[in-house]
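A look at the structure
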Amino acid sequence: MQFVRHPAAALLLCLFTTGVFLAATHATVHAADWRLKGWEQGSAYDALYIPADREKFTAVIEKVIDITPMPGMDEGVGLIAKRDDTGEKVTVHIGPKDFVTTRSDWAAVTPGAKAKIYGVYNDLADKEIFLLNKIVVGDKMVKVRKTGDGRGWWTLTPEELAKEEADNKAE
């Protein structure tokens with residue numbers, strides 16, 4: 001290292017470079033913790049969630065289902081909900097299975113439960129679906145997307161996820 005003339009400066013440069021590498025590796029490893037092929041931020045499926053179109057309805061959860069929204073995507077979790085106002089059955093897409101099923105707050109989402117469901121309607125393979133932002137059952141809220149930009153919580157770094165969770169406990 002000819003450009004670094006002092007041994008202490010060379011050591012500091014080496015430690016800084018190692019720190020940057022470890023921070024980048026940590027974020028990459030976190031993203032790899034979840035099986036999310038097709039669920040990534042910026043994917044074709046992700047583009048279906050349009051935050052400006054967000055709406056809500058109340059419903060009774062009829063059943064929790066496994067979903068594969070598009071060919072080649074990793075498995076996800078969804079539910080069938082019967083709207084209170086129209087009686088229509090809505091297929092709600094929640095998120096990647098390996099993310100959703102690890103959430104401790106998920107236990108409140110059970111068949112027969114009355115819920116407020118927030119998210120976005122869109123069409124997928126000639127079928128109307130509802131992409132979940134959050135669901136409230138009693139006093140329990142399960143949130144899986146950022147409200148402002150619709151970013152899936154499964155794409156967040158551990159630090160971003162912790163901040164979102166803390167912010168939502170304050171609501």
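Everything discussed here concerns the structure shown above.
I will try to describe carefully the structure that is included in this document. (Residues numbered from 1 in each chain as written. Predicted model: local features only at pLDDT ≥ 70, side-chain atom pairs only at ≥ 80, totals over all residues. Heavy atoms only, no water.)

Of regular secondary structure, the chain possesses 3 helices and 6 strands. When the helices and strands of the chain are listed from N to C terminus, the series reads α-β-β-β-α-β-β-β-α. Expressed as a percentage of its 171 residues, the buried residues of the chain come to 40%. For the chain, contacts bridging at least 24 residues in sequence account for 56% of all contacts bridging at least 6. Carbon and sulfur atoms form 58% of the exposed surface of the chain, whose accessible area is close to 9,600 Å². (Helix = DSSP H or I, 4+ residues; strand = E, 2+ residues; numbered from the N terminus. Buried < 20%, exposed > 50% of the residue type's maximum accessible area, 1.4 Å probe, protein only. Contact = heavy atoms within 4.5 Å. Areas by Shrake-Rupley, 256 points an atom, 1.4 Å probe, with all protein chains shown as cover.)

Further remarks concern empty space enclosed by the protein. The tally for this structure, following the rule as stated, stands at 1 cavity of 30 Å³ or more. If you add up the space inside the largest cavity, you get close to 50 Å³. Lining the largest cavity, in full, are Trp39, Glu40, Gln41, Tyr45, Asp46, Arg145, Arg151, Gly152, Trp154 and Thr155. Residue composition of the lining of the largest cavity, grouped by class: 3 nonpolar, 3 polar and 4 charged. (1 Å grid on protein atoms, 1.4 Å probe; cavity = no way out; pocket = protein on both sides within 12 Å on 5 of 7 lines; lining within 4 Å. Points joined across faces, edges and corners; volume = space filled by probe spheres on them. Nonpolar A, V, L, I, M, F, W, Y, C, P; charged D, E, K, R; others polar.)

Another point: the packing of aromatic side chains. For the coordinates displayed, the defined rule picks out 6 aromatic pairs. Here Phe57 and Tyr121 contribute two aromatic rings whose centre-to-centre distance is 6.3 Å and whose plane-to-plane angle is 25°, an arrangement assigned as stacked. Here Phe57 is found in strand 1 (residues 55-67), whereas its partner Tyr121 is found in strand 4 (residues 114-124), with 64 residues between them in sequence. Look at Tyr121 and Phe130: their rings are 4.7 Å apart centre to centre, the planes differ by 75°, and that puts the pair in the edge-to-face class. Across the pair, Phe130 and Tyr121 agree in class, each one buried. Ring pairing ties together the aromatic residues Trp39, Tyr45, Phe99 and Trp154, which thus form one cluster. Across the ring face of Tyr118, the terminal group of Lys134 is positioned such that the distance to the ring centre comes to 4.8 Å. (Phe/Tyr/Trp six-rings, centres within 6.5 Å; stacked < 30°, edge-to-face > 60°. Lys NZ or Arg CZ within 6 Å of the ring centre and 35° of its normal.)

Next up on the list: the side chain of Thr155. By the secondary structure assignment, Thr155 is in the loop between strand 6 (140-143) and helix 3 (158-169). A polar atom in the side chain of Thr155 sits 2.7 Å from the backbone oxygen of Gly152. When neighbours within four sequence positions are excluded, Thr155 is seen to be in contact with Trp39, Glu40 and Gln41. (Polar contact = N/O pair within 3.5 Å; in protein donor to acceptor, adjacent residues only side chain to side chain.)

On to helix 3, then. The end-to-end C-alpha distance of helix 3, which contains 12 residues, comes to 17 Å, matching closely the 16 Å that a straight helix rising 1.5 Å per residue would cover. Those residues of helix 3 that fall on the buried side of the exposure criterion are Leu161, Glu164 and Asn168. The buried residues of helix 3 occupy one face: seen down the axis, they fall within an arc of 60°. The exposed residues of helix 3 that point more than 90 degrees off its buried face are Glu159, Lys163 and Lys169. (Expected span 1.5 Å × (residues − 1). Arc of directions from axis to C-beta.)

Turning next to unusual backbone geometry. Even without being a glycine, Ala125 presents a positive backbone phi close to 50°. Relative to the helices and strands, Ala125 is located in the loop between strand 4 and strand 5 (127-137).

Here the focus is the layout of surface pockets. The rolling of a water-molecule-sized probe over the atoms marks out the regions of remaining empty space. Each pocket or cavity is described by its volume, and for the largest pocket that value is around 200 Å³. Lining the largest pocket we find Arg103, Ser104, Asp105, Met141, Lys143, Trp153, Glu165, Asn168 and Lys169. Elements that contribute at least two residues to the lining of the largest pocket include exactly strand 6 and helix 3. Here the element with the most residues in the lining of the largest pocket is helix 3; it accounts for 3 residues.

All right, on to the nonpolar core then. Looking at soluble globular proteins, one finds that nonpolar side chains tend to be buried together. Ranked by size, the top nonpolar core spans 40 residues in total, and within it Ile61, Leu79, Val92, Ile94, Val109, Ile117 and Ile135 carry the most contacts. Within the residue set of this core, elements represented by two or more residues are strand 1, strand 2 (76-83), strand 3 (89-96), helix 2 (97-100), strand 4 and strand 5. Broken down by element, this core gets its largest block of residues, 6 residues, from strand 5. Sequence-distant contacts of Ile61, defined by excluding residues within four places in its chain, comprise Leu79, Ile80, Ala81, Val109, Thr110, Pro111, Gly112, Ala113, Ala115, Ile135 and Val137. (Core = buried A, V, L, I, M, F, W, Y, C linked by side-chain atoms within 4.5 Å.)

The values are spatial; any link to function lies outside them.
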